[in-house]
Amino acid sequence: MNINMRKSTPMTTKTLGMFLALSFGLTWSLAAVLIFVSFSTPVFLLAVWAPGIAGIFLVWRHYGRQGLKSFFRRFTLWRMPLAWWLYLLVGFPAIVYLGAVLNGTIGDPFPFSPWYEVFPALLMSLFLLGTNEEFGWRGLALPLLQRKFSPFWAGLILGIIWAAWHVPAFFISGLQYEAWSAVPYFGGVIALSVILTPLFNSARGSLLIAYLYHFQMMNPIFPDAQPWDSLFVALTAVIIVVLNRHTMFKKGSGVTDVLMPEEAAVPKQLIQMEASA
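Residues numbered from 1 in each chain as written. Predicted model: local features only at pLDDT ≥ 70, side-chain atom pairs only at ≥ 80, totals over all residues. Heavy atoms only, no water.

Description of the overall build of the protein chain
Logical step 1: Scanning the protein chain for helices and strands turns up 11 helices and 0 strands.
Logical step 2: For the protein chain, the α and β elements follow one another from N to C terminus as α-α-α-α-α-α-α-α-α-α-α.
Logical step 3: Taking all 277 residues of the protein chain together, the buried fraction comes to 51%.
Logical step 4: Across the protein chain, contacts joining residues at least 24 apart in sequence account for 83% of those joining residues at least 6 apart.
Logical step 5: Within the structure as shown, the protein chain displays about 13,200 Å² of accessible surface, and the carbon and sulfur contribution to it stands at 70%.
Logical step 6: Of note, the protein chain has its 17 positive side-chain charges centred 18 Å away from the centre of its 11 negative side-chain charges. (Helix = DSSP H or I, 4+ residues; strand = E, 2+ residues; numbered from the N terminus. Buried < 20%, exposed > 50% of the residue type's maximum accessible area, 1.4 Å probe, protein only. Contact = heavy atoms within 4.5 Å. Areas by Shrake-Rupley, 256 points an atom, 1.4 Å probe, with all protein chains shown as cover. Lys, Arg positive; Asp, Glu negative; His and termini not counted. Charge placed at Lys NZ, Arg CZ, Asp CG, Glu CD.)

Here is the structure:
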């Protein structure tokens, strides 16, 4: 089923340049305000939301309101192999807690007092912080990259971009990044992107899965496990790539649709032309 498009020209890999310009331009300019002027929660949130805002704007610009509805219907995609669900819900937390053991923070007191303050923190992490980035990173950028590259290279390239986008966070006073080493953190972000790629593809490009995975990355209940959790994530990425090597390095095996799969308005011939360019 085709949808009514806002533009006659469908979204192509060239859209990625506009997405990155909007994401980096908005985030880094607002980060400069936070670094050199003063910290402001609204400004900080807008800086964090920039990739998501850029992704949503570009979907609307190309496909209009009907396209946005199709885009957000990707939240209804939840089916994926049980092994991936186990990794998302059990495996990743295990990595964090193992890292906390080596970091010496596993015995730290529960960071919320009274205990029920954890619920607003969970809601904030789920709806107001980095989870919204996924409207851009996995919502738009990864499908476009996978039109040109195999899932491994697409995930690696996006991971490097994603890590670079976080650079200003290390210069904003009062954030947890001040206590972390930059190199292990950036390596962990790149590895997380590589892992999320086959997980995302196995769920047919689910925004829900990407959203939940990002939430796990910043779950406020988890102890601080840097830099060890980044090391374990990198090792996990190597294992996952090896186990999924037949699809990870196969060009054309990843999700390339920005809209709901059966509603995608991009002709398959166009995707094939971009892949061969």
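Examining the packing of helix 1 (residues 15–36) against helix 6 (residues 151–165)
Logical step 1: Direction vectors running N to C along helix 1 and helix 6 enclose 20°, while the axes themselves pass 11 Å from each other. As far as their axial angle goes, helix 6 and helix 1 are roughly parallel. Note on element contacts: helix 6 touches helix 1 through Ile161, Ala164 and Trp165, opposite Leu20, Ser23, Phe24, Thr27 and Trp28. (Axes fitted to C-alpha atoms, helices over the stretch in contact; angles between N-to-C directions. Parallel < 35°, antiparallel > 145°, perpendicular 65-115°, else oblique.)

So, the nonpolar core
Note that soluble globular proteins tend to have their nonpolar side chains buried in a common cluster.
Logical step 1: By size, the foremost hydrophobic cluster in this structure holds 66 residues, and its most contacted members are Met11, Phe19, Val59, Tyr87, Phe92, Leu199 and Tyr213.
Logical step 2: Residue assignment for this core shows that the elements contributing at least two residues are helix 1, helix 2 (41–72), helix 3 (82–103), helix 5 (137–145), helix 6, helix 7 (182–202), helix 8 (207–217) and helix 9 (228–243).
Logical step 3: Leaving out residues up to four positions away in the same chain, Phe19 has contacts with Pro51, Ala54, Gly55, Leu58, Gly136, Trp137, Leu140 and Ala141. (Core = buried A, V, L, I, M, F, W, Y, C linked by side-chain atoms within 4.5 Å.)

A word on the pattern of salt bridges
Logical step 1: Under the criterion given, the structure shown has 1 salt bridge.
Logical step 2: The residue Arg138 makes a salt bridge to Glu134 at a minimum N-O spacing of 2.8 Å. There is no split in this pair, since Arg138 and Glu134 are both buried. (Salt bridge = Lys/Arg side-chain N within 4 Å of Asp/Glu carboxyl O.)

Side note on the environment of Gly130
Logical step 1: Counting through the fold element by element, Gly130 comes out in the loop between helix 4 (118–127) and helix 5.
Logical step 2: The class for Gly130 is buried, based on a relative accessible area of 4%.
Logical step 3: C-alpha of Gly130 to C-alpha of Leu45: the two residues are 85 residues apart in sequence and 8.9 Å apart in space.
Logical step 4: If we ignore the near neighbours within four places in the chain, the residues touching Gly130 are Val48, His214 and Met218.

A few points about the packing of aromatic side chains
Logical step 1: Under the defined criterion, the tally for this structure stands at 25 aromatic pairs.
Logical step 2: Note on Tyr97 and Phe222: the rings are 5.7 Å apart at their centroids and 75° apart in plane angle, and the pair reads as edge-to-face. Placement of Tyr97 in helix 3 and of Phe222 in the loop between helix 8 and helix 9 is noted, with a sequence separation of 125 residues between them.
Logical step 3: Judged by its relative accessible area of 32%, Tyr97 is partly exposed.
Logical step 4: Measuring from centroid to centroid gives 5.0 Å for Phe152 and Trp153, while their planes differ by 75°, and the two rings are edge-to-face.
Logical step 5: On the basis of relative accessible area, Phe152 is assigned to the buried category, the value being 16%. (Phe/Tyr/Trp six-rings, centres within 6.5 Å; stacked < 30°, edge-to-face > 60°.)

Some points on the layout of surface pockets
Logical step 1: Roughly 150 Å³ of internal volume is contained in the second largest pocket.
Logical step 2: As for the second largest pocket, its lining consists of Trp84, Pro151, Pro198, Asn201, Ser202, Asn244, Thr247, Met248 and Ser253.
Logical step 3: Within the residue set of the lining of the second largest pocket, elements represented by two or more residues are helix 7 and helix 10 (245–248).
Logical step 4: Ranked by the residues each element gives to the lining of the second largest pocket, the list is headed by helix 7, at 3 residues.
Logical step 5: When the residues that make up the lining of the second largest pocket are grouped by side-chain class, the tally is 4 nonpolar, 5 polar and no charged. (1 Å grid on protein atoms, 1.4 Å probe; cavity = no way out; pocket = protein on both sides within 12 Å on 5 of 7 lines; lining within 4 Å. Points joined across faces, edges and corners; volume = space filled by probe spheres on them. Nonpolar A, V, L, I, M, F, W, Y, C, P; charged D, E, K, R; others polar.)

Some remarks on the side chain of Thr236
Logical step 1: Tracing the backbone through its elements, the reader meets Thr236 in helix 9.
Logical step 2: Judged by relative accessible area, which is 17%, Thr236 ranks as buried.
Logical step 3: For Thr236, the contacting residues outside a window of four places in its chain are Tyr87, Ile95 and Ile195.

Section: helix 7
Logical step 1: An ideal rise of 1.5 Å per residue puts 30 Å on 21 residues; helix 7 measures up with 31 Å between its terminal C-alpha atoms.
Logical step 2: The element helix 7 is largely enclosed, with a buried count of 15 among its 21 residues.
Logical step 3: Arg204 occupies a position one or two residues after helix 7 and carries a positive phi of about 60°. (Expected span 1.5 Å × (residues − 1).)

Digging into unusual backbone geometry
Logical step 1: Between Gln226 and Pro227 the backbone carries a cis peptide bond, its omega angle lying at 5°.
Logical step 2: Turning to its location among the elements, Pro227 is positioned in the loop between helix 8 and helix 9.
Logical step 3: Of note in the backbone geometry, Arg204 takes a positive phi value of approximately 60° without being a glycine.
Logical step 4: Position of Arg204 among the secondary structure elements: in the loop between helix 7 and helix 8.

Bear in mind that shape data such as this cannot, by itself, settle questions of function.
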